[in-house]
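If you want the building blocks of each chain, they are given just below.
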Amino acid sequence: CGEFIVSAHKLDVGHPPGAPFFMLLGHFFSLFASDTAHVAMCVNALSALASAFTILFLFLTMFVSVCCQCVMTSVKNRLYLYIVINNPPMKELKDRILSDGRCFPGGILKVDNFINHQMDPALMREMSLELVRRFSGHKINKVITVEASGIAPAIMVGFYLNVPVLFAKKKTPSTMENMLTTEIYSFTKERTYTVCVSGDYLTKDDHVLFIDDFLANGNAALGIIDLINKAGATLEGMGFLIEKGFQMGGRSIRRMGYQLESLSIIDAMDAESGTITFREQN
Ligand code: 5GP
């Protein structure tokens, strides 16, 4: 504006007064004017150049920030690939099974010093995060498990999904209202339990993820499917810490079409030599 041109030329304080640098530049440009008639043209040329540089700097800022983001994403992906290649998923769990698990006759694996008696919270956290990652494509509003050994992994998965965790009880409390029940044969205890949940906590609006420590013959899983069907809820998937691939649970549940994720699959166990063979998983 005229006032700015005059102020720049005379090195005055223009109004509004917050542009001293522009005034100094304006004065510098006005020095190139051969006479006062050309001062306005020189200061206007500065205005045009200043606007052009503003746009250039805006473009450079955006360009540099987009480039930085692309580089960061590519570095992150390469780092992730490097970690995955050098650390196949759940290597910690397999190493722990090999170091602390004990094979018993009848295909029973004892993991009671880190999973289902004494528990390792750090490993439990890693396993739960991996399960959450594998079911990230599902809209889950509840985690379900069977007492007792499924509760620890289930509650951690529920924590990371930020949803409530429901466990099927092996005793039927007299105070439970709206009770739904089913029968489950326990592979390790060699007996049949009646398990129950309250229909108040498992309803047709629920999208449920079943979590358990072991998948053996799949009886617990079938019992939970029955409870979910009785409640009219939807089963989104099933996640297990250890699947014993030499028993039939995994095969029959997968055939039913549910997403089933096992963090480790044991294909063979020899109680005599104590050898455990894992299935290769990606
Ligand atoms: P399923 O119902 O699939 O036959 O057996 C699963 C349940 O039995 C799990 O909840 C788990 O508590 C128990 N279970 C099955 N196999 C084993 C095993 O080898 N070791 C341990 N500790 N528990 C097992």
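Shown above is the structure to which this text applies.
All values reported here derive from a predicted model rather than from experimental measurement.

With that settled, the discussion passes to the site of the ligand. Neighbouring the ligand are 17 residues, the closest being Leu 109, Ala 216, Gly 218, Ala 220 and Lys 244. Side-chain polar atom of Lys 244 to an oxygen atom of the ligand: 2.7 Å apart, as the coordinates give it. Expressed as a share of its isolated accessible area of 500 Å², the protein-covered part of the ligand is 88%. Mapped onto the shell around the ligand, the elements with two or more residues apiece are strand S2 (108-110), strand S7 (207-215) and helix H7 (219-231). It is S7 that contributes the most residues to the shell around the ligand, four residues altogether. Partitioning the shell around the ligand into residue classes produces seven nonpolar, seven polar and three charged.

In this section: the nonpolar core. Grouped together as the largest cluster of nonpolar side chains are 30 residues, with contacts concentrated most on Leu 93, Ile 97, Leu 109, Met 127 and Ile 242. Tallying contributions element by element places helix H5 (residues 121-134) first for this core, with five residues. Each residue touching Leu 93, except ones within four places of it in the same chain, is listed here: Phe 114, Ile 115, Leu 123, Met 127, Leu 241, Leu 263 and Ser 264. Residues Val 146, Ile 184, Phe 210 and Leu 227 belong to the second largest nonpolar core, which totals 25 residues.

Let us look at the pairing of strand S3 (residues 142-146). With five of five residues buried, S3 is to be regarded as a mostly interior element. Note: S3 against S7, three bridges, orientation parallel. If you follow Ile 144 over to S7, its bridge partner there is Phe 210. With helix H6 (residues 151-161) bridging S3 and the parallel strand S4 (residues 165-168), this β-α-β connection has right-handed handedness.

Parameters and conventions
- Every chain is numbered independently, its residues counted from 1 as its sequence is written.
- The model is predicted, so local features are restricted to residues of pLDDT at least 70 and side-chain atom pairs to those at 80 or more, both for listing and for counting; the totals for chains, interfaces and linings are taken over all residues.
- Side-chain calculation: all heavy atoms of the structure are included, whereas hydrogens and water are not.
- The rule for a residue being near a molecule or strand is that one of its heavy atoms must lie within 4 Å of it.
- Between N or O atoms, a polar contact is any pair within 3.5 Å; within protein, one atom must be a potential hydrogen donor and the other a potential acceptor, and residues adjacent in sequence are included only when both atoms are from side chains.
- Note that accessible areas follow from Shrake-Rupley with a 1.4 Å probe, and for residues the cover is restricted to the protein chains shown.
- Helix and strand assignments come from DSSP, with helices taken as H or I runs of at least 4 residues and strands as E runs of at least 2, each series counted from the N terminus.
- Each residue is assigned to one class: nonpolar for Ala, Val, Leu, Ile, Met, Phe, Trp, Tyr, Cys and Pro, charged for Asp, Glu, Lys and Arg, and polar for all the others, Gly among them.
- Take the buried Ala, Val, Leu, Ile, Met, Phe, Trp, Tyr and Cys residues and link them wherever side-chain atoms come within 4.5 Å; each set so joined is a nonpolar core.
- Relative accessibility decides the category of a residue: with a 1.4 Å probe and only protein chains considered, values under 20% of the type maximum give buried, values over 50% give exposed, and everything between is partly exposed.
- Note on contacts: a residue pair qualifies if any of its non-hydrogen atoms lie within 4.5 Å across the two residues.
- Two strands make a pair as long as DSSP finds a minimum of two bridges between them.
- Throughout, right-handed denotes a crossover for which the path from the first strand over the helix to the second runs clockwise when the strands point away from the viewer.

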